[in-house]
Amino acid sequence: MPQVVLPVLDERDALPWVLERMPAGYDPIVVDNGSTDGSGELAAALGARVVHEPQPGFGAACFAGLTAADADIVCFMDCDASFDPRELSRVVDPVAAGTADLVLGARRPGPGAVWPLHARVANAALALELRRRTGVRLSDLGPMRAARREALLALGIRDRRFGWPLEMVLRASAAGWRLEEVPVSYLAREGRSKVTGTLRGTVRAVRDMAGVLG
């Protein structure tokens, strides 16, 4: 049974939709990264396993979920309703079949999806740098992704902020992993993104990722 790590910071409005659409056989792990809106309590009431990670940072939340997981295959997905859990099989199936080691979901915006220009430009620049460094034709950093848990832990990812997803790809490529990209829907989220929703958030994310690239 794949487990799905869902980093959460004040996602109370999106949680019911995300959890109710979790496919059969997929076990959600909600990592509450300091929510003040009762997200953790709501997730527990809805039947999800909840892990509390007091250290702030997207990477810290992802790492807490990864270490708490015990499944062979672990997925990561934003919990703001911008991704449909029913599409998780798209990133899981190649890993389960043994044809890929890390699968990234490339966002395909649908009606109502908000992806500001500054965020798209930053993402395109990072994808270009990833293609240059890995030799893999990646178009997106892929917030929805899947890999095998033990192999991920062995990568030794150190970043605990916004550089986590980028460092995962770079270390996986350096380790000779087979990387694959598949299209996934990008939907209208609940609330404003902590990263792309503001120019400041995007700048912070780019700064963290630049540190990883350096």
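Right above here is the structure, for reference.
So, here's what we can say about the structure. (Residues numbered from 1 in each chain as written. Predicted model: local features only at pLDDT ≥ 70, side-chain atom pairs only at ≥ 80, totals over all residues. Heavy atoms only, no water.)

A separate point is the overall build of the protein. When its secondary structure is counted, the protein shows 8 helices and 7 strands. Looking at the 214 residues of the protein, the share that counts as buried comes to 53%. Within the protein, residue pairs in contact and separated by at least 24 positions form 74% of the contacts whose partners lie at least 6 positions apart. Total accessible area on the protein is roughly 9,500 Å²; 53% of this is exposed by carbon and sulfur atoms. (Helix = DSSP H or I, 4+ residues; strand = E, 2+ residues; numbered from the N terminus. Buried < 20%, exposed > 50% of the residue type's maximum accessible area, 1.4 Å probe, protein only. Contact = heavy atoms within 4.5 Å. Areas by Shrake-Rupley, 256 points an atom, 1.4 Å probe, with all protein chains shown as cover.)

Attention now goes to the environment of Ile-73. Note that Ile-73 resides in strand 4 (residues 73-76). On the basis of relative accessibility, which here comes to 9%, the residue Ile-73 falls in the buried class. Sequence-wise, Ile-73 and Met-1 are 72 residues apart; in three dimensions their C-alpha atoms are separated by 7.6 Å. Contacts of Ile-73, omitting those with residues within four sequence positions, involve Pro-2, Gln-3, Val-92, Val-95, Ala-96, Ala-146, Ala-147 and Arg-148.

Our focus in this paragraph is helix 5 (residues 117-134). Between its first and last C-alpha atoms helix 5 spans 25 Å; for 18 residues at 1.5 Å apiece the expected length is 26 Å, and the two agree. Listing the buried residues of helix 5 in full gives Ala-119, Ala-122, Asn-123, Leu-126, Ala-127, Glu-129, Leu-130 and Thr-134. Viewed end-on, helix 5 has its buried residues packed into an arc of 165°, placing them on one side of the element. Along helix 5, the residues that are exposed and aim more than 90 degrees away from the buried face are Leu-117, Val-121, Leu-128 and Arg-132. Of the residues one or two after helix 5, Gly-135 is the one with positive phi, at around 80°. (Expected span 1.5 Å × (residues − 1). Arc of directions from axis to C-beta.)

The description of an aromatic ring pair rests on the distance of the ring centres and on the angle between the ring planes. For the structure on display, the rule yields 3 aromatic pairs. Note on Phe-63 and Trp-164: the rings are 6.4 Å apart at their centroids and 65° apart in plane angle, and the pair reads as edge-to-face. Pair noted here: Phe-63 is in helix 3 (residues 58-68) and Trp-164 is in helix 7 (residues 164-174), with a separation of 101 residues, a long-range link. When its relative accessible area of 29% is taken as the criterion, Phe-63 is described as partly exposed. Judged by relative accessible area, which is 2%, Trp-164 ranks as buried. Taking the centre distance of 5.6 Å and the plane angle of 50° together, the rings of Phe-83 and Tyr-186 count as tilted. Here Tyr-186 lies in strand 7 (residues 179-186) and Phe-83 lies in the loop between strand 4 and helix 4 (88-97), a separation of 103 residues in the sequence. When its relative accessible area of 0% is taken as the criterion, Phe-83 is described as buried. A connected cluster of aromatic rings, assembled from ring pairs, spans Phe-63, Phe-76 and Trp-164. Taking the ring centre of Phe-63 as reference, the NZ or CZ of Arg-160 above it sits at 3.9 Å. (Phe/Tyr/Trp six-rings, centres within 6.5 Å; stacked < 30°, edge-to-face > 60°. Lys NZ or Arg CZ within 6 Å of the ring centre and 35° of its normal.)

Our focus in this paragraph is the nonpolar core. Counting residues in each nonpolar core, the largest one holds 32 residues, and the members touching the most others are Val-4, Leu-6, Leu-15, Val-30, Met-77, Leu-88 and Val-91. No other element matches helix 4, which puts 4 residues into this core. Setting aside residues up to four positions removed in sequence, Leu-15 forms contacts with Val-8, Val-30, Ser-39, Leu-42, Ala-43, Leu-46 and Cys-79. Counting 30 residues, the second largest nonpolar core, distinct from the first, contains Leu-141, Val-169, Leu-170 and Ala-172. (Core = buried A, V, L, I, M, F, W, Y, C linked by side-chain atoms within 4.5 Å.)

Tracing the backbone through its elements, the reader meets Ser-35 in the loop between strand 2 (27-32) and helix 2 (39-45). A residue is classified by how much of its surface remains accessible, and Ser-35, at 17% relative accessible area, is buried. Within the local environment of Ser-35, its side chain forms a polar contact with the backbone nitrogen of Asp-10, the two atoms lying 2.8 Å apart. For Ser-35, the contacting residues outside a window of four places in its chain are Val-8, Leu-9 and Asp-10. (Polar contact = N/O pair within 3.5 Å; in protein donor to acceptor, adjacent residues only side chain to side chain.)

What follows deals with helix 4. Taken together, the buried positions of helix 4 are Leu-88, Val-91, Val-92, Pro-94 and Val-95. Projection of helix 4 onto a plane perpendicular to its axis shows the buried side chains occupying an angular sector of 160°, all on one side. Residues of helix 4 that are buried sit in contact with strand 1 (3-8), strand 4, strand 5 (102-109), strand 6 (144-148) and strand 7. Gly-98 sits one or two positions beyond helix 4 and adopts a positive phi of about 80°.

Scope: geometric values only; no functional claims are made or implied.
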